Amino acid sequence: MTTNVVRVAIARGFAIASGALAIYVAYAHVASCKTTRAHLEEPVSMRFDSADWQRSVQVLVQNGLTTTVEGDRLRVRGTTDGVLELAGPSRRLREATVRLRLRAHDASPYDLAVGIERVDVDESFRVTWGLRNDPERPAWRFFGDVRGSPPAAAQHFERQRFVRFDDTDRARDHEVELRISPELHAVLGSVDGVAVSSELAGWDDGVMVRPVVALRGRASGRPLDVEVFGVEYEPVDLALGTRPQRIDEHFKSAILDPRTWRVLRADDFAVSGKWSVGGGLLRLQGHALRATREDQAIAFVGPTVDLGSFHATVAFKANRLHRARFFFGLSNLLVGLADWRAFDVGLVDGLTQTEPYAAGHWEGDGQFVVSPFSGALSGVTEGELAIDYDAASGIGRASLNGQLVTAQHLDLQPPEPVQIHFGGRVATEEGAFDVNVSSVKFEPIDWRATGEIARHAAPPPPLPDAAPRGFTDDFATDSTPAYHLLQGAAAWESASHSLRLGPSAVGYSEIVRGRFEEPVTVTGSIHVPAQAARGDYDSAGLMATDRTGDVRWFGVIWYGTKLATELHLTRHVPGRADQFLAKAPIKLEPGKNYWVKMRVDRNNVYARAWPNEPNVLEPEEWMASAPLDAAWSASGGVGFVANAPAALVGSLKVE
Amino acid sequence: MAWLRRHRLFVLIAFTYAYFFQGGDPNQASRYFLTRAIVERHAPDITPDHPNTLDKGEFRGKFYSDKAPGLSLLATVPYAAFRLAEKATGVDERARGPSLVRIHGLVFVLSGLAGVAAAWFLRRSLLLLGSPERDAGILTAGYALGTLAFPFSTVLFGHQTAAALLVATFALCLERRATRRSPAAHAALLGALWATSLVVEYPTALSVAVLGVWFLSRAPSVRDAARGFAWAVAGAAPVLVVHSAFLYWAFGSPFDLPYNHVVEPIFRAHTTSGFLGIGRPRAEVLWELLLGRYRGLFFHCPLLVLSVAGFGAWLRRREHDAELVVCAAIAVLAVAMSSAYYAWDGGFSTGPRHLVPSLPFLVVPIAFWMREGRWAARSVIVAMVPSVLVMTACTAVLVQSPEGDPRYMNGVYGIVLPALARHEVALNVLDVFHVTWQADASYNLGTFVGLGAWTSLLVPAMAWLVAYRRAIVDGLRNLRGLRLSGARTA
């Protein structure tokens with residue numbers, strides 16, 4: 001009886017499941033109808049076989065040239081002062097070809113090319129392929145813009161493969177074809193069905209474009225006579241996509257899937273690199289041969305994907321790393337373009353042991369930065385490098401074995417296309433490395449679909465509630481619960497009404513309070529201990545953080561026995577070497593307290609210090625100042641910082 | 001005439017399958033070249049033809065088909081017959097017409113007739129499991145025209161042949177039970193069929209195992225089971241020996257499978273991982289296999305959605321529990337293995353082609369669903385309509401739908417229906433005999449004689465309508481289901 005009831009229940013469940021599946025399948029079919037409509041969009045055909053050809057072809061510019069229809073072609077005559085530009089209807093760009101048939105009757109200097117042009121932006125961006133006619137050196141070449149989007153910096157093709165157009169070719173018709181591949185980020189130029197040149201080109205899928213034909217003279221007074229046949233713009237099916245794809249590579253195959261990985265090897269002249277795969281390991285080896293500078297020995301490059309939030313890891317073991325580095329990260333288009341941007345984390349051999357480092361573009365100035373750092377992660381040769389990127393905030397975090405190496409506001413701009421990569425570089429003529437990689441994972445989060453923010457990224461350090469402007473804390477009571485200890489140690493000293501900062505395993509002790517709005521001025525008292533109680537490199541002072549808590553400014557007094565006594569303005573980012581941006585000498589007396597005042601406005605940081613004595617007036621001038629970096633985001637916290645085993649600080653005042 | 005009327009269902013299925021020719025592709029070419037090599041050059045390698053196919057292996061400087069050799073070995077007989085006929089009639093074997101006739105004929109003999117056989121054995125199975133003749137006829141037509149059996153009966157892949165062999169053994173086992181006979185020859189026949197299925201499509205091993213266990217479990221005693229097993233092995237032995245002999249001939253070892261020598265790096269990167277590219281089942285692939293718009297089984301064949309309800313109805317009826325377990329196990333294992341296979345989408349394919357051999361076992365439970373009531377039977381008819389339309393469209397336009405990103409690739413709505421809207425059929429321009437594209441690589445018999453795209457599709461449609469005009473009219477009149485009464489129990 002019970003069995004029968006169970007069977008009936010299962011049967012009903014299956015029937016319900018079947019119904020639900022049927023509903024979903026019906027929905028999927030209805031929803032798919034728009035796919036058919038999209039594929040029925042007609043290709044563009046610009047014909048010149050009748051007198052009213054201008055009904056389907058828009059004349060953008062016609063200056064100094066005459067056009068007549070001769071049979072199925074457009075005869076263009078005039079002089080090389082003239083310009084003629086024609087355009088067809090607009091289409092949404094996807095993998096496509098645009099073809100033009102032409103005949104050049106003379107050797108005058110003019111350009112005749114076919115291509116596409118953006119129509120959804122105010123500025124004109126165009127990429128074309130065609131004939132650069134010339135009496136001396138006629139050639140087939142690309143014209144225009146490799147990016148298809150602003151900014152306009154380095155927008156023109158800088159390198160051209162010279163493809164000669166022979167004089168004997170003038171007697172014949174030629175079909176020139178430009179293939180635009182948003183998926184591969186390339187353009188391919190072909191003549192008479194033969195591919196002759198290609199270039200990287202950052203034209204994005206889905207932008208609105210229209211086919212164009214451009215005829216432009218480059219001199220004055222020379223005769224111009226060309227025939228232009230029809231123009232065909234046709235989408236091409238290419239079963240690829242730059243939507244983020246998950247990678248979970250464990251290297252268990254005998255070879256790598258070339259759709260996932262491209263291997264870039266050195267030239268075997270200056271640097272040699274080799275690799276082997278199988279049994280769950282990818283082994284990378286490289287060494288310098290005649291290297292005089294740092295060079296890449298081997299790199300593995302993943303598929304092109306649109307940049308969004310992601311979590312990526314590489315599991316590795318460095319068997320050898322000598323004058324070399326192992327890197328893991330991502331970059332936008334790898335070669336050739338001026339807007340190259342990257343973010344890498346890896347290992348480099350330091351003076352005595354391996355050190356983690358980070359490299360990339362995060363200053364907002366377009367410049368590449370390499371920042372090695374030492375600390376608790378020094379000497380690590382095995383483990384997992386990870387990168388978390390939050391597309392919403394633009395912050396990338398790199399870590400080694402779960403410990404943060406650095407967190408930066410990256411210059412990469414979502415959703416620009418990027419590729420993950422890893423590999424080895426050698427630094428000198430002695431450089432060599434041998435690294436085993438056991439897995440690479442890339443887990444993208446399609447933020448365009450989900451709007452999700454940084455699922456994997458560690459959240460910024462939480463800050464306590466906003467402190468009221470004008471707040472003062474003389475530490476008469478234990479107010480440390482109202483503060484946020486970023487790192488190190490801090491304890492209230494009831495006897496001296498102060499805070500004792502340190503000791504800290506990572507060097508710095510940092511404690512902050514509040515969220516401030518610029519401009520803010522913060523003042524605090526710093527105790528300079530007796531000479532015997534000082535360490536070699538001790539310092540203490542004030543600090544202010546940005547909104548993320550990652551970028552920190554210090555206004556500190558250096559009083560370590562091996563240091564010159566100075567007031568320093570220092571920019572600190574975890575995992576990076578400190579940047580000492582301004583300093584001023586200060587005379588310190590042991591056992592005395594000193595005021596430090598620090599001011600942050602929207603452009604600069606200032607600091608000054610003076611003895612905390614009743615009869616000593618505060619100086620009127622700032623002793624040190626430095627500009628804020630462009631990436632600075634306000635509304636962080638303010639507080640104390642010390643690089644000392646036991647630093648006494650107190651009397652915090654925020655204005 | 002009476003025979004024709006009695007068997008019009010299968011005649012129509014055969015005609016429909018023969019009507020479409022899908023041209024070439026690397027998979028078909030690889031199998032065809034092996035057949036040609038064996039018959040014409042008496043060699044196991046396809047080196048002279050290898051530039052025409054991507055699906056190949058390399059061993060000691062020669063190129064080989066990377067497919068299970070069973071289908072190519074079976075094809076040697078009709079291929080040799082075609083060649084003899086060509087010689088006898090003085091036809092130039094290299095001429096375009098005879099070449100197309102030869103390969104079209106091979107496809108029909110190996111896959112088309114396999115599709116007909118699968119339909120026949122499916123109907124036989126349904127009747128033996130107690131289905132009314134009307135239901136069996138409807139489901140047989142639904143299987144033949146509304147599932148992937150349709151497109152894959154028009155290409156020289158091994159899936160449909162394997163499907164026919166598996167469902168044939170299922171029907172034979174059921175029949176043995178019905179007749180209470182257990183001759184040794186019966187077991188030997190089953191063994192031979194199972195072995196043939198194995199060497200045609202290696203992945204059918206799991207289905208063969210399920211059917212074999214079921215067959216042995218039904219023996220009255222352990223001794224009878226042992227005897228059945230022995231006879232089945234005896235039946236399988238000649239097939240397996242031929243297979244191993246071929247492997248020895250080609251690769252110097254009777255156990256060195258062709259997949260071990262794959263050339264294409266993209267394939268090799270995966271076939272060298274796991275067991276010939278089979279790893280762990282993946283949930284996201286499972287979704288795509290069943291419901292995805294790219295290759296989803298239910299998306300392409302909505303009729304099979306009712307299999308789920310059918311298994312439930314079958315369970316509730318407490319009939320043929322062992323057969324229920326067999327069908328469910330074959331279906332589940334096939335789906336699980338496909339979801340674990342690196343090339344789960346089948347490359348250039350319509351739907352999840354690796355599931356084709358298991359499809360008859362997904363249709364059987366629908367028969368039990370039809371017996372749930374009139375509304376259930378009507379739901380089958382309703383689900384059959386889009387299934388037949390989608391499968392007909394895919395078969396008419398392009399079976400070798402290109403591979404792409406499952407998240408936005410939609411072959412039915414992105415390729416097939418736009419082509420039909422543009423009055424285009426037979427899109428495939430890949431040709432077995434040429435490296436370059438050929439405009440006449442694929443066709444249907446209508447376009448072959450000059451009919452327009454849509455007009456050509458009316459020919460098989462009209463044949464079905466005329467043959468079943470009375471049943472259709474009756475069905476529409478009383479809405480009690482179509483009466484496909486032409487096919488009767490033998």
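Criteria and thresholds
Residues numbered from 1 in each chain as written. Chains lettered and ligands numbered in written order. Predicted model: local features only at pLDDT ≥ 70, side-chain atom pairs only at ≥ 80, totals over all residues. Heavy atoms only, no water. Helix = DSSP H or I, 4+ residues; strand = E, 2+ residues; numbered from the N terminus. Contact = heavy atoms within 4.5 Å. Core = buried A, V, L, I, M, F, W, Y, C linked by side-chain atoms within 4.5 Å. Buried < 20%, exposed > 50% of the residue type's maximum accessible area, 1.4 Å probe, protein only. Buried area = accessible area lost by both parts, 1.4 Å probe. Salt bridge = Lys/Arg side-chain N within 4 Å of Asp/Glu carboxyl O. Polar contact = N/O pair within 3.5 Å; in protein donor to acceptor, adjacent residues only side chain to side chain. Nonpolar A, V, L, I, M, F, W, Y, C, P; charged D, E, K, R; others polar. Axes fitted to C-alpha atoms, helices over the stretch in contact; angles between N-to-C directions. Parallel < 35°, antiparallel > 145°, perpendicular 65-115°, else oblique. Left-handed = near helix turned anticlockwise from the far one by under 90°. Pairing = 2+ DSSP bridges. Expected span 1.5 Å × (residues − 1). Phe/Tyr/Trp six-rings, centres within 6.5 Å; stacked < 30°, edge-to-face > 60°. 1 Å grid on protein atoms, 1.4 Å probe; cavity = no way out; pocket = protein on both sides within 12 Å on 5 of 7 lines; lining within 4 Å. Points joined across faces, edges and corners; volume = space filled by probe spheres on them.

S.K.: Explanation requested: the environment of phenylalanine 267 of chain B in the structure shown.
M.R.: All names here are of chain B. Along the chain, phenylalanine 267 falls in helix H12 (residues 265-271). Sequence separation between phenylalanine 267 and leucine 54 is 213 residues, and the spatial gap between their C-alpha atoms is 9.9 Å. Not counting the four nearest positions on each side in its chain, phenylalanine 267 is found in contact with Leu54, Asp55, Val262 and Tyr342.

S.K.: Where do I start with the nonpolar core in this structure?
M.R.: The nonpolar side chains of a soluble globular protein tend to be buried with one another. In terms of nonpolar packing, the biggest core is built from 115 residues, with Phe170 and Val380 of chain B touching the most fellow members. With eleven residues, helix H18 (residues 374-397) of chain B is the single largest residue contributor to this core. Phenylalanine 170 of chain B has contacts with Ser125, Leu129, Leu211, Trp214, Glu323, Val326, Cys327, Phe361 and Val364 of chain B, leaving out every residue within four places of it along the chain. Ranked by size, the runner-up nonpolar core spans 52 residues in total, among them Leu282, Leu330, Trp362 and Phe422 of chain A.

S.K.: Can you help me understand the interface of chain B and chain A in this one?
M.R.: It is common to give the size of an interface as the accessible area that goes away when the parts come together. Each partner contributes to the interface: chain B provides 38 residues, whereas chain A provides 39 residues. Of the roughly 3400 Å² buried between chain B and chain A on both sides combined, carbon and sulfur atoms contribute 63%. At the surface where chain B touches chain A, the tally comes to one salt bridge. For arginine 7 of chain A, the salt bridge identified is with aspartate 321 of chain B, shortest N-O distance 2.7 Å. Viewed at the interface, chain A and chain B are joined by ten residue pairs in polar contact (both at pLDDT 80 or more). Elements that contribute at least two residues to the side of chain B that touches chain A include exactly H12, helix H13 (283-291), helix H14 (297-300), helix H15 (306-317) and helix H19 (411-421) of chain B. For the side of chain B that touches chain A, the element with the highest residue contribution is H15 of chain B, accounting for eight residues. Split by residue class, the side of chain B that touches chain A holds 22 nonpolar, seven polar and nine charged.

S.K.: Mind showing me how you'd approach the packing of helix H4 (residues 70-89) of chain B against helix H5 (residues 96-128) of chain B here?
M.R.: For any two helices packed against each other, the geometry comes down to the angle between their axes and how far apart the axes lie. All names here are of chain B. At a minimum axis distance of 10 Å, the contact between H4 and H5 shows a crossing angle of 140 degrees. As summarised for this structure, H4 and H5 are arranged oblique, according to the angle between their axes. Considering how the two elements wind past one another, H4 and H5 form a crossing that is right-handed. Taken together, the residues of H5 that come into contact with H4 (itself represented by Leu71, Leu74, Ala75, Pro78, Tyr79, Phe82, Arg83 and Glu86) are Pro98, Val101, Arg102, Gly105, Leu106, Val109 and Leu110. In the contact of H4 with H5, the residues fall into eleven nonpolar, one polar and three charged.

S.K.: Please explain the sheet that holds strand S32 (residues 484-487) of chain A as it appears in this structure.
M.R.: Backbone-to-backbone hydrogen bonds pair the strands of a sheet. The strands run either parallel or antiparallel. All names here are of chain A. Reading across from one edge, S32-S35-S44-S37-S38-S39-S40 is the order of the seven strands in this open sheet, with antiparallel pairing throughout. Sheet topology places S32 and strand S40 (579-585) at the edges, where each strand pairs with a single neighbour. With strand direction ignored, the average angle separating the axes of adjacent strands in the sheet is 20 degrees. With five bridges connecting them, strand S35 (residues 509-513) and strand S44 (residues 638-643) associate as antiparallel partners. Within S44, the residue paired with valine 512 across the bridge is glycine 639.

S.K.: Got a minute to help me understand helix H10 (residues 205-217) of chain B in this structure?
M.R.: In this model H10 of chain B runs 18 Å from its N-terminal to its C-terminal C-alpha over 13 residues, within 8% of the 18 Å that 1.5 Å per residue would give. Considered for burial, the residues of H10 of chain B that qualify are Ser207, Val208, Val210, Leu211, Gly212, Trp214 and Phe215 of chain B.

S.K.: Which parts of the structure should I look at to understand the packing of aromatic side chains?
M.R.: Any pair of aromatic rings gets described here by the distance separating the centres and the angle formed by the planes. Residue and element names in this part refer to chain B. All chains considered together, the criterion is met by 40 aromatic pairs over all chains. Centre to centre, the rings of tyrosine 17 and phenylalanine 150 are 5.8 Å apart; their planes meet at 35 degrees, and the pair counts as tilted. Of this pair, tyrosine 17 sits in helix H2 (residues 8-19) while phenylalanine 150 sits in helix H7 (residues 149-152); the two residues are 133 residues apart in sequence, bridging distant segments of the chain. An identical accessibility class is assigned to tyrosine 17 and phenylalanine 150; each is buried. When the centroid spacing of 5.7 Å and the interplanar angle of 70 degrees are considered together, the rings of tyrosine 32 and tyrosine 79 count as edge-to-face. One end of the pair, tyrosine 32, is in helix H3 (residues 26-41); the other, tyrosine 79, is in helix H4, and 47 residues separate them in sequence. No difference in accessibility class separates tyrosine 32 from tyrosine 79, as the two residues are buried.

S.K.: Please clarify how empty space enclosed by the protein should be interpreted in this entry.
M.R.: If you roll a probe as big as a water molecule over the atoms, it shows you where there is empty space left. All names here are of chain B. Using the criterion set out here, one finds four cavities of 30 Å³ or more in the structure. Approximately 50 Å³ is the volume found for the second largest cavity. If one sorts the elements of the lining of the second largest cavity by residue count, H19 sits on top with three residues. Here the lining of the second largest cavity is composed, by residue class, of five nonpolar, six polar and one charged.

S.K.: What exactly am I supposed to notice about the side chain of serine 272 of chain A here?
M.R.: All names here are of chain A. Residue position: serine 272 is located in strand S17 (residues 271-278). According to the relative accessible area criterion, serine 272 is buried, its value standing at 14%. Looking at serine 272, its side chain comes within polar contact range of the side chain of aspartate 268, at 3.1 Å. When residues no more than four places from it in sequence are discounted, the contact partners of serine 272 are Ala266, Gln285, Gly286, His287, Leu289 and Ala297.

By themselves, these observations are geometric and do not establish any function.
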